[in-house]
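Coordinate analysis (summary)
Each chain, written out:
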Amino acid sequence: MEDHSIQRNGVFKSVCPLDCPDQCGLVLYKKDGKIKKVDGDLDHPVTKGAICNKVRHMTERLYDKKRIGHPLKRVGPKGEGRFKRISWEEAVKIITSAWQDLIKKEGPESILPYSFYGNMGRISAEGMDRRFFHRLGASRLKRTICSSAGAAGYAFTMGGSFGTDPEETVHAKLFIMWGINAVSTNMHQVTLAQQARKNGAKIVVIDVHKNQTGRWGDWFIPIKPGTDTALALGMMHVLFEEGLTDEPFMKKYTVGHEELRDHVKVYNPYTVSEITGVPVEDIYELARLYGKTTPSFIRIGNGIQHHDNGGMCIRTIACLPALTGQWLQKGGGAIKGNGSVIQFSQYALQRPDLLEKKTTRAINMNSIGKELIDREDPPIRSLYVYNSNPALVAPESNKVRKGLKREDLFTVVHDMFITETAKYADIILPAASSFESTDFYTSYWHHYMQLQYPVVEHYKESKTNSEVFRLLAEALGFKEKELYDSDEVMLREALKHSNVEWTDLKENHYGKALRSTNILDDLPTPSGKIELLSKRMEKLGHPPLPTYVPLPEEEEPFLFVPGPNHSFLNSTFSNNEKHRKLEKGPILHIHEDDAYAKGIKNWDMVKIWNNRGQCKMKAAAGQNVLPGVVVCQGLWSDEARGFSNVNTLTPDRLSDMGEGAVFFSSRVHMEKA
Ligand SMILES: Nc1nc2c(c(=O)[nH]1)N[C@H]1C(S)=C(S)[C@@H](COP(=O)(O)OP(=O)(O)OC[C@H]3O[C@@H](n4cnc5c(=O)[nH]c(N)nc54)[C@H](O)[C@@H]3O)O[C@H]1N2
Ligand SMILES: Nc1nc2c(c(=O)[nH]1)N[C@H]1C(S)=C(S)[C@@H](COP(=O)(O)OP(=O)(O)OC[C@H]3O[C@@H](n4cnc5c(=O)[nH]c(N)nc54)[C@H](O)[C@@H]3O)O[C@H]1N2
Ligand code: SF4
Ligand SMILES: [Mo]
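Structural notes, computed from the coordinates.

Definitions and cut-offs
Residues numbered from 1 in each chain as written. Chains lettered and ligands numbered in written order. Predicted model: local features only at pLDDT ≥ 70, side-chain atom pairs only at ≥ 80, totals over all residues. Heavy atoms only, no water. Helix = DSSP H or I, 4+ residues; strand = E, 2+ residues; numbered from the N terminus. Buried < 20%, exposed > 50% of the residue type's maximum accessible area, 1.4 Å probe, protein only. Near = heavy atom within 4 Å. Polar contact = N/O pair within 3.5 Å; in protein donor to acceptor, adjacent residues only side chain to side chain. Areas by Shrake-Rupley, 256 points an atom, 1.4 Å probe, with all protein chains shown as cover. Domains from an automatic or database assignment. Nonpolar A, V, L, I, M, F, W, Y, C, P; charged D, E, K, R; others polar. 1 Å grid on protein atoms, 1.4 Å probe; cavity = no way out; pocket = protein on both sides within 12 Å on 5 of 7 lines; lining within 4 Å. Points joined across faces, edges and corners; volume = space filled by probe spheres on them. Pairing = 2+ DSSP bridges. Axes fitted to C-alpha atoms, helices over the stretch in contact; angles between N-to-C directions. Contact = heavy atoms within 4.5 Å. Salt bridge = Lys/Arg side-chain N within 4 Å of Asp/Glu carboxyl O. Phe/Tyr/Trp six-rings, centres within 6.5 Å; stacked < 30°, edge-to-face > 60°.

**Overview of the environment of Val-75**
Relative to the elements of secondary structure, Val-75 occurs in the loop between strand E4 (72–74) and strand E5 (83–85). Residue classification places Val-75 among the partly exposed residues on the basis of a relative accessible area of 47%. Along the backbone, Val-75 and Thr-185 are 110 residues apart, and their C-alpha atoms lie at a distance of 39 Å.

Okay, structure coming up:
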């Protein structure tokens, strides 16, 4: 086995652990045992040494005075944030005796793990935790907060989460950035598009907000939230009507193109313009541009699927490249996500056999507030949170916090900081950072896997996720040897059957997934083809052909779109002063006509509210959004004072497909504060 011992000084390869499609290769500069500088790895074939500003300032976070180094026990009321230091021994004892008690009285399903991708490491995010909670027989969590609506919708059309190789998009002549704020959220796709632009490529941005990405594009198309399905159908109408479709491609590789041709007749540009707010002539121009440019590439963002109709929206847009045969063009096609391109053994990693045929219940993370308050048979009596900050990031946060406040709920939070969620914990456990861990990373955008070996010692008494689960397993007296495998053993077992070569990984810290070239010949859809018409959808109660379904009507007049911002990564970094300063503060973008009608001037404080909660922030009036739409960015920490969390306003309804979150389908009233 190779030597992975930690050196005091030097330059070390690493990988960005954050939930970001780019998954950059990093180099860490170490002096006297500490990381002094975080930079990009010039050798990484996709990210090529460029990284974002937020991670350039990662050392702020690693050595932040507020980072926790010891287990803590709550001494004040839930939510107040008063804790005292305890030992690991005591913390583990408190947790395991509470759980043993619960298991006896209410069964193990009264315990719920809650996690997401604060650290994307496969072992940290979905490795030993799965083994442990399977063995425990705890409730399972449906991890649906991010992209599950879109993933489900895309899979109805294409069969799974795979698309164009982003490295090939340099050859594209047209980019449609559709509901993605790529300048902030996928910067290397922007770099690749810039290269293509030098060779004459055009960049179209379709968004509800003229943000950095909208300003960067050649043509910005503003659209009413939740109406993109109609725009895509209008494009199809024109493509069929004007003979811009690739008939041989559709015959060979799709099912349902004749039905679709008929079906989209009703979506003429006049009707579609009424729905979307996009002018008739722009719909024609966009469709013709798409129909006549090859290779054309669509980067499908996460924004359009955080809506009640988000699954259908992605399912529909995913049909477009098939209409013009773009999947056969180098650099053409689309990316929603490439999460299933890299293969390895999930079974070896997660050991579902440890469930031993127990059929445990599954609870949707998007409804965590409701579930904490209302769930019975048995109620959730204990919550174990890691890699996530639900008090800030989950919808209906007033409900979430009401649930977290329950005196009869035993909450453990494992994190690097006393997050908004951790303030409600009975026990807080200190987390080691990814740079202190052994793990492997698989991007959901590019096709590379990367390895991480510890570069620094654990911060104070902190522990990695898998270390904590091994400790808990031992204290509970579990005998299964899989619960004690080292990270290195888990990694080797998971990668035994992978389409990434171990020799590449060992040599470079990264390796590219080998893909079969004729993927279109046998897609993992029921028909093996691209399904423009899906019988499976029909069986599940969806329209079998792409269909526009409007967002639910509510009484509040403004559609409210609270997305992520440039300088935070979801709520990560929002507790750091440096990163907060990089942003101007929580700002509400309002159309100037709406502002005028409400007597709101630039930089006035405004109040927005609905029956779920309220929020105050500064107004920016102008033309960055359409009338009737208000937009703000960033999941701001409670520490950013004078401002309350945007998720007090978002609904915990579930999307049409994939039981996803609908953060961007909320509506609000607005007034000058
Ligand atoms: N800097 C930074 N990078 C990040 C993150 C971060 O917080 N900060 N988060 C990471 C994570 S977890 C994710 S999932 C991705 C998300 O990154 P993206 O895929 O870019 O998704 P969002 O930023 O949520 O939304 C993208 C855009 O959709 C627009 N939008 C909202 N509703 C609609 C609509 O109905 N139609 C159209 N056409 N546009 C709409 C929003 O205005 C926004 O500009 O980014 C990752 N990268
Ligand atoms: N209004 C609104 N809400 C949203 C969104 C939006 O666009 N608008 N976006 C949604 C989306 S797409 C997503 S993906 C979610 C993301 O929501 P979360 O997954 O909760 O992401 P973060 O807020 O970054 O929280 C991650 C936490 O993990 C911790 N952490 C990091 N590394 C480790 C580790 O190794 N071990 C442990 N135990 N902890 C660690 C970090 O310190 C941080 O507190 O938010 C969703 N919420
Ligand atoms: S957050 Fe994204 S862009 Fe920034 S370093 Fe990490 S992977 Fe790269
Ligand atoms: Mo996400």
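**Some words on the site of ligand 1**
By nearness alone, 32 residues border ligand 1, and Thr-185, Asp-207, Asp-228, Phe-568 and Asn-570 come closest of all. The separation between an oxygen atom of ligand 1 and a polar side-chain atom of Thr-185 is 2.8 Å. A distance of 2.7 Å separates a nitrogen atom of ligand 1 from a polar backbone atom of Phe-568. Burial of ligand 1 by the surrounding chains reaches 94%, relative to a free accessible area of 920 Å². For the shell around ligand 1, the secondary structure elements donating two or more residues are helix H7 (182–185) and strand E9 (202–207). Two domains each put at least three residues into the shell around ligand 1: domain 2 (149–339 + 527–539) and domain 3 (558–672).

**Description of the site of ligand 3**
Near ligand 3, the surroundings consist of Cys-16, Cys-20, Asp-22, Gln-23, Cys-24, Ile-51, Cys-52, Lys-54, Val-55 and Met-187. The class makeup of the residues in the shell around ligand 3 is seven nonpolar, one polar and two charged.

**Looking at the layout of surface pockets**
If you add up the space inside the second largest pocket, you get close to 520 Å³. Lining the second largest pocket are 23 residues; nearest its centre among them are Glu-168, Trp-327, Arg-515, Thr-517 and Ile-519. Grouping the amino acids of the lining of the second largest pocket by side-chain chemistry returns eight nonpolar, nine polar and six charged.

**Thoughts on the sheet that holds strand E18 (residues 439–442)**
Sheets are built from strands paired through backbone hydrogen bonds, the pairs being either parallel or antiparallel. Here we have three strands laid out as an open sheet, ordered E18-E19-E20, and antiparallel in their pairing. The outermost strands of the open sheet, each flanked by one partner alone, are E18 and strand E20 (510–512). On average, each strand axis in the sheet is tilted by 20° relative to the strand beside it, whichever way the strands run. Against the sheet, helix H22 (residues 487–495) makes contact with E18 and strand E19 (448–452), and its axis sits at roughly 40° relative to E18, the strand it touches most.

**A short note on the pattern of salt bridges**
One pass over the structure, following the stated rule, counts 44 salt bridges. Several salt bridges converge on common partners, so that one network encompasses Lys-66, Glu-577, Arg-580 and Glu-639.

**Brief notes about empty space enclosed by the protein**
In total, this model carries two cavities of 30 Å³ or more according to the counting rule given. By volume, the largest cavity is sized at about 50 Å³. Around the largest cavity, the lining residues are Lys-13, Ser-14, Val-15, Gly-25, Asp-41, His-44, Gln-450, Leu-451, Asn-508, His-509 and Tyr-510. Mapped onto the lining of the largest cavity, the elements with two or more residues apiece are strand E1 (10–15) and E19. Of the residues forming the lining of the largest cavity, the biggest block, three residues, is contributed by E1. Split into classes, the residues belonging to the lining of the largest cavity amount to three nonpolar, six polar and two charged. One number sums up the size of the second largest cavity: a volume of about 30 Å³. As for the second largest cavity, its lining consists of Cys-52, Asn-53, Lys-54, His-566 and Ser-567.

**Some words on the pairing of strand E2 (residues 25–31)**
Burial analysis of E2 places five of its seven residues in the buried class, the great majority of the element. Across six bridges, E1 lies against E2 in antiparallel orientation. Looking across to E2, one finds that Gly-10 is bridged to Lys-30. Judged from the six bridges that link them, E2 and strand E3 (residues 34–40) form a sheet pairing that is antiparallel. Within E3, the position partnered with Lys-30 by the bridge is Ile-35. Hairpin connection of E2 to E3: two residues between the antiparallel strands, including Asp-32 at a positive phi of 50°.

**Section: the packing of aromatic side chains**
Enumeration over the complete set of coordinates arrives at 17 aromatic pairs. Judged by centre distance (4.8 Å) and plane angle (75°), the rings of Phe-568 and Trp-636 are edge-to-face. In this pair, Phe-568 is assigned in the loop between strand E22 (558–563) and helix H25 (577–582) and Trp-636 in the loop between strand E26 (629–633) and strand E27 (666–672), connecting sequence segments 68 residues apart. Take Phe-568 and Trp-636: they sit in the same class, and that class is buried. Put simply, the rings of Trp-99, Phe-132, Phe-133, Tyr-384, Tyr-386, Phe-469 and Phe-478 pair up and form one aromatic cluster.

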